[in-house]
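This is what each chain is made of:
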Amino acid sequence: TKEHILTSHTGTHLECGKHWWDDGECADQVALEKIAGHARVLRFACKEQPFYGITPEMLEAAGADRLEEGDICIIATGWDKRIKEANYTWESPFITVESANYLKEKKIKAFAIDAPMFGDPRDGMDVVPEGLELPDYVFQKAGIPCILGLVHAAQLPDEVFFIGAPLKLEGADGSPVRAMAMEL
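Throughout what follows, the structure given in this document is the object of discussion. The shown structure was predicted, so the numbers you read here are calculated from the model rather than taken from an experiment.

Reading guide: rules and limits
Residues numbered from 1 in each chain as written. Predicted model: local features only at pLDDT ≥ 70, side-chain atom pairs only at ≥ 80, totals over all residues. Heavy atoms only, no water. Salt bridge = Lys/Arg side-chain N within 4 Å of Asp/Glu carboxyl O. Helix = DSSP H or I, 4+ residues; strand = E, 2+ residues; numbered from the N terminus. Pairing = 2+ DSSP bridges. Axes fitted to C-alpha atoms, helices over the stretch in contact; angles between N-to-C directions. Core = buried A, V, L, I, M, F, W, Y, C linked by side-chain atoms within 4.5 Å. Buried < 20%, exposed > 50% of the residue type's maximum accessible area, 1.4 Å probe, protein only. Contact = heavy atoms within 4.5 Å. Phe/Tyr/Trp six-rings, centres within 6.5 Å; stacked < 30°, edge-to-face > 60°. Lys NZ or Arg CZ within 6 Å of the ring centre and 35° of its normal.

The next thing to look at is the pattern of salt bridges. Counted according to the given criterion, the structure contains seven salt bridges. Between Glu68 and Arg40 there is a salt bridge, with the nearest N and O atoms lying 4.0 Å from each other. Taken together, the positions of Glu68 in the loop between helix H1 (56–61) and strand E4 (72–76) and Arg40 in strand E2 (residues 36–43) put the pair 28 residues apart, joining distant regions of the chain. Each of the salt bridges in this network shares a partner with another, and the network as a whole consists of Arg40, Glu68, Asp71 and Glu159.

Listed below in structure tokens is the structure:
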């Protein structure tokens, strides 16, 4: 038997409300129905551009208008190809707060991205300035689970059946995820 030590935010992982608030939803409380189901893949050619911010207009141009209530939204930027680079986390693509609100209004049930975070990395990692709104907050307040650090998302077809299965870690603010997608 081997011992493995991981943080709750290692590799492809689920981020929960507990990450931001003491009374937020924990990894073991996320309903599997929220992280499994029909997903649409929205593609962005960030061309490895640092701090590539995805706006609502860019979401619409990528096909977000086809998202239906209860869909899972997968953002594919190709950023996962940079996973071994020093600036992988610190310069990653992100969605704006306005984009998070747009997706919330579309009533998606989950969000996933092939970047290690989905908010602007310049807004802070562990300490966020008081009063600053983050895409993370928008999704967590709406009960929308978020899966970060997908790999090979750019290779997926436009529509898939997606499963982002976390470990059932009691009281955890996140969890490593086994993400799977099957062609419809």
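Adjacent strands of a sheet pair through backbone hydrogen bonds, lying either parallel or antiparallel. In spatial order, the strands read E1-E7-E6-E4-E2-E8-E9; together these seven strands close into a barrel with mixed pairing. For this sheet, the mean angle separating the axes of adjacent strands, direction not counted, is 35°. Note: strand E1 (residues 13–15) against strand E7 (residues 146–148), three bridges, orientation antiparallel. The residue bridging His13 from the neighbouring strand is Leu148, located in E7.

Another point: the nonpolar core. Nonpolar side chains in soluble globular proteins tend to end up buried together. Ranked by size, the top nonpolar core spans 28 residues in total, and within it Leu42, Leu59, Ile75, Leu103, Phe111 and Phe139 carry the most contacts. For this core, the elements supplying multiple residues, two or more each, are E4, helix H2 (97–105), strand E6 (110–113), helix H3 (135–141) and E7. The element that contributes the greatest number of residues to this core is H2, accounting for four residues. In contact with Leu42, not counting residues within four places along its chain, are Leu59, Ala62, Gly63, Ala64, Leu67, Cys73, Ile74, Ile75 and Ala76. Counting 20 residues, the second-largest nonpolar core is a separate cluster that includes Ile74, Leu150, Leu156 and Ala172.

Let us now look at the packing of aromatic side chains. Scanning all chains against the criterion turns up five aromatic pairs. Of the aromatic side chains, those joined through ring pairs into one cluster are Trp20, Trp21 and Tyr137. When the ring centre of Phe51 is taken as origin, the NZ or CZ atom of Arg122, which lies over that ring, is 4.3 Å away.

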